[in-house]
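# Chain and residue survey
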Amino acid sequence: TIYQILTDRFARPNGDTSICGNLSNYCGGGWAGITNNLDYITGLGFDAIWISPIVENTEGGYHGYWAKDINSLNSHFGSEQDFINMVQACHSKGIWVMLDVVGNHVGPVGDDFSEITPFNQPEHYHPDCNITSQDFATHNMDHIIHCRLASLPDLNQSNQFVHDTLLTWIHNIISKYNLDGIRIDTVPEVDKSFWSQFTQSAGVYSVGEVFDGDMGFVAGYQGSVDGTLNYPLFFTIRSVFMQEQSANNLQSYYQAAANTFPDQSLLGVFIDNHDNARFLNSNGNIQRFKNALAFSLMAEGIPIVYYGDEQGYAGGNDPNNREILWTNLKNTNSEMYTFVKTVVNFRKTNQVWNSPQIQRYSDDNFYAFSRGDTLAAFSNTSNTINRELTYIPYSEGETVCNVFWSSDCVTVTGGKLQVTLLNGEVKLYAPKSSLDDSQEPEVGQFFDELLKFLDEF
């Protein structure tokens, strides 16, 4: 499970918790701030973080996507030693570090490339034209690959110097800093063959951003990168829980996905990120949000939770969805923090990634799937839902309980499992015996110590 951080917004190195007056520029977060607050992340149960790009940026590039010098680090985030310390601290706590990287463009310098290092010559770039919304809508790949995204100078990977430099750079930065994965920005804007070489040079798990709802289009990039951010599922989850459309949309999605994606287990599953207004900005119903979040954490794929979701953030479009977190870093008993922690730990305790996702029921307002001996039941209405499930992973007389309320148990009777959801809630069921075991702190502590002991060997 991955926790997505905007490095500038998570925590200030000096512990200052005053607000930020301008979310469109640097607010003061940095690598040492992350290091000092890793317990906030491990407390949620996450075992990986995705951080902002680390290279030096042009003026105002607080997000990291406006490269100025790919061979220098962004001093706004701290020193090189601060970054090294952060990676080491993460690894010591069992957290992998996934780095956001950009190979498509540089910072907004117009046609004067003199301040960009090392790509300071016109031949390092494609001619100056801009990708239009129509180009994206019609998948005009000639324009998407060769023109500028948001007027950002578009690197020409067909130029031998650009090509070789980027491949060497990604190899060196991964090995030098001992990083565990990469998230690749703007993948369709560069030819697939380059990404194949780029990911091979990186030598770690890669997930690429293909910001598109067209499943076939997105799936076409799996292979050039290990996985893509699952935007088709993002739009489907939002349609069901945020826009409260039919939950049968999920059934339709999975029927199509089974025949389209080469490997769904490697896709990044998410409901919020830094490029979209937050879920709660469009639908403030906390139960719908909990359903969507739990769905993303239990579904097949690699879950990615955007920082602030565990505090119920509801920011609108960029930059309002890039809020500061440091005012809430001590708020580890909040409703959403507890909810996320519960789901992540349920996922880990039951190792759901080892079992296929099997649909058990679908209609307009109710959807259920199992993974192993867990059953996840979702609703997109505040009306009381009663459903009788007959296609279930449990045997006659077996009792299953809801992880959110341990005394909420049902027993399989006559081959049927009665599921009741009140006021739009989500329930995650597991056999009573396994939940009883996981609630014994002594047992859990014993296994934690045993795992630590085994890790040292």
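Keep in mind the model is a prediction, meaning the values are calculated, not measured. (Residues numbered from 1 in each chain as written. Predicted model: local features only at pLDDT ≥ 70, side-chain atom pairs only at ≥ 80, totals over all residues. Heavy atoms only, no water.)

Okay, the overall build of the protein chain next. When helices and strands are counted, the protein chain shows 16 helices and 18 strands. Relative to a compact globule of 457 residues, whose C-alpha radius of gyration would be 23 Å, the protein chain shows 23 Å and is just as compact. Reported as C-alpha extents along the three principal axes, the dimensions of the protein chain are approximately 75 × 45 × 45 Å. Per-residue burial for the protein chain yields a buried fraction of 55% across its 457 residues. (Helix = DSSP H or I, 4+ residues; strand = E, 2+ residues; numbered from the N terminus. Rg over C-alpha atoms; globule rule 2.2 N^0.38 Å. Buried < 20%, exposed > 50% of the residue type's maximum accessible area, 1.4 Å probe, protein only.)

Of the two faces of strand 6 (residues 181-184), both are covered, the one formed by Gly-181 and Arg-183 as well as the one formed by Ile-182 and Ile-184. Bridge count for strand 5 (residues 96-101) against strand 6 is four bridges, and the pairing is parallel. Paired with Leu-99 across the two strands is Ile-182, which belongs to strand 6. Bridge analysis of strand 6 against strand 7 (residues 205-208) gives four bridges, and the strand direction is parallel. Bridge pairing links Gly-181 to Tyr-205 in strand 7. You can see the chain leave strand 6, run along helix 8 (residues 192-202) and come back into strand 7, and the turn it takes is right-handed. (Pairing = 2+ DSSP bridges. Right-handed = clockwise from strand over helix to strand, strands pointing away.)

Another point: the state of the cysteines. The final tally for this structure, using the stated rule, is three disulfides. The disulfide that involves Cys-129 links it to Cys-147, with 2.0 Å between the sulfurs. Classification of the bridge connecting Cys-129 and Cys-147 rests on its S-S torsion, roughly -95 degrees, and on that basis the disulfide is left-handed. In this pair, Cys-129 sits in the loop between strand 5 and helix 5 (133-138) while Cys-147 sits in the loop between helix 6 (141-146) and helix 7 (160-177), placing the two residues 18 residues apart along the sequence. By relative accessible area, which is 27% here, Cys-129 ends up partly exposed. (Disulfide = S-S within 2.5 Å.)

Time to look at the packing of helix 13 (residues 286-298) against helix 14 (residues 335-349). Where helix 13 contacts helix 14, the two axes come as close as 10 Å, and the packing angle between them is 25 degrees. Of the possible angle classes, the one that applies to helix 13 and helix 14 is roughly parallel. Of the two elements, helix 13 crosses helix 14, and the hand of that crossing is right-handed. Taking contact as the criterion, the partners of Ile-286, Phe-289, Lys-290, Leu-293, Ala-294, Leu-297 and Met-298 in helix 13 are, on helix 14, Glu-335, Met-336, Phe-339, Val-340, Val-343, Val-344, Phe-346 and Arg-347. Along the lines of polarity and charge, the residues of the contact of helix 13 with helix 14 split into twelve nonpolar, no polar and three charged. (Axes fitted to C-alpha atoms, helices over the stretch in contact; angles between N-to-C directions. Parallel < 35°, antiparallel > 145°, perpendicular 65-115°, else oblique. Left-handed = near helix turned anticlockwise from the far one by under 90°. Contact = heavy atoms within 4.5 Å. Nonpolar A, V, L, I, M, F, W, Y, C, P; charged D, E, K, R; others polar.)

Turning to the pattern of salt bridges, a few remarks are in order. Applying the stated rule across the entire model yields 22 salt bridges. Between Lys-93 and Asp-39 there is a salt bridge whose closest N-O contact spans 3.0 Å. Taken together, the residues Lys-93 in the loop between helix 4 (80-92) and strand 5 and Asp-39 in helix 3 (residues 38-42) connect sequence positions 54 residues apart. Ionic pairing is found between Asp-100 and Arg-183, a salt bridge with its closest N-O pair at 3.0 Å. Taken together, the residues Asp-100 in strand 5 and Arg-183 in strand 6 connect sequence positions 83 residues apart. (Salt bridge = Lys/Arg side-chain N within 4 Å of Asp/Glu carboxyl O.)

This part is about the sheet that holds strand 2 (residues 48-51). Reading across from one edge, 8-7-6-5-2-1-10-9 is the order of the eight strands in this open sheet, with parallel pairing throughout. Both edges of this open sheet fall to strand 8 (227-228) and strand 9 (268-269), since each of them pairs with a single strand only.

By volume, the second largest pocket is sized at about 570 Å³. What lines the second largest pocket is a set of 25 residues, and nearest its centre among them are Leu-149, Asp-185, Thr-186, Glu-209 and Asp-275. The residue inventory of the lining of the second largest pocket, partitioned by class, reads 13 nonpolar, five polar and seven charged. (1 Å grid on protein atoms, 1.4 Å probe; cavity = no way out; pocket = protein on both sides within 12 Å on 5 of 7 lines; lining within 4 Å. Points joined across faces, edges and corners; volume = space filled by probe spheres on them.)

By the definition in use, this model includes two cavities of 30 Å³ or more. Quantified by volume, the largest cavity comes out at close to 90 Å³. Pro-53, Val-55, Val-101, Val-102 and Trp-169 are, among the 13 residues lining the largest cavity, the residues nearest its centre. Secondary-structure elements contributing two or more residues to the lining of the largest cavity are strand 4 (67-73), strand 5 and helix 7. Ranked by residues supplied to the lining of the largest cavity, first place goes to strand 5 with three residues. The space that makes up the second largest cavity amounts to roughly 40 Å³. The wall of the second largest cavity is formed by Ala-67, Ile-70, Val-102, Gly-103, His-105, Val-106, Phe-119, Leu-155 and Leu-166.

The biggest cluster of nonpolar side chains holds 115 residues, and the ones touching the most others in it are Tyr-3, Phe-10, Ile-41, Ile-49, Phe-83, Phe-198 and Phe-295. Among the elements that make up this core, the one with the highest residue count is helix 7 (eight residues). Formed by 15 residues, the second largest nonpolar core is a distinct cluster that contains Phe-366, Ala-377, Val-400 and Val-419. (Core = buried A, V, L, I, M, F, W, Y, C linked by side-chain atoms within 4.5 Å.)

Turning next to the environment of Val-187. Here Val-187 shows up in the loop between strand 6 and helix 8. The exposure class of Val-187 is buried, given its relative accessible area of 1%. A C-alpha to C-alpha distance of 28 Å links Val-187 and Ala-314, two positions 127 residues apart in sequence. In contact with Val-187, other than residues within four places in its own chain, are Trp-195, Gly-208, Glu-209, Val-210 and Tyr-221.

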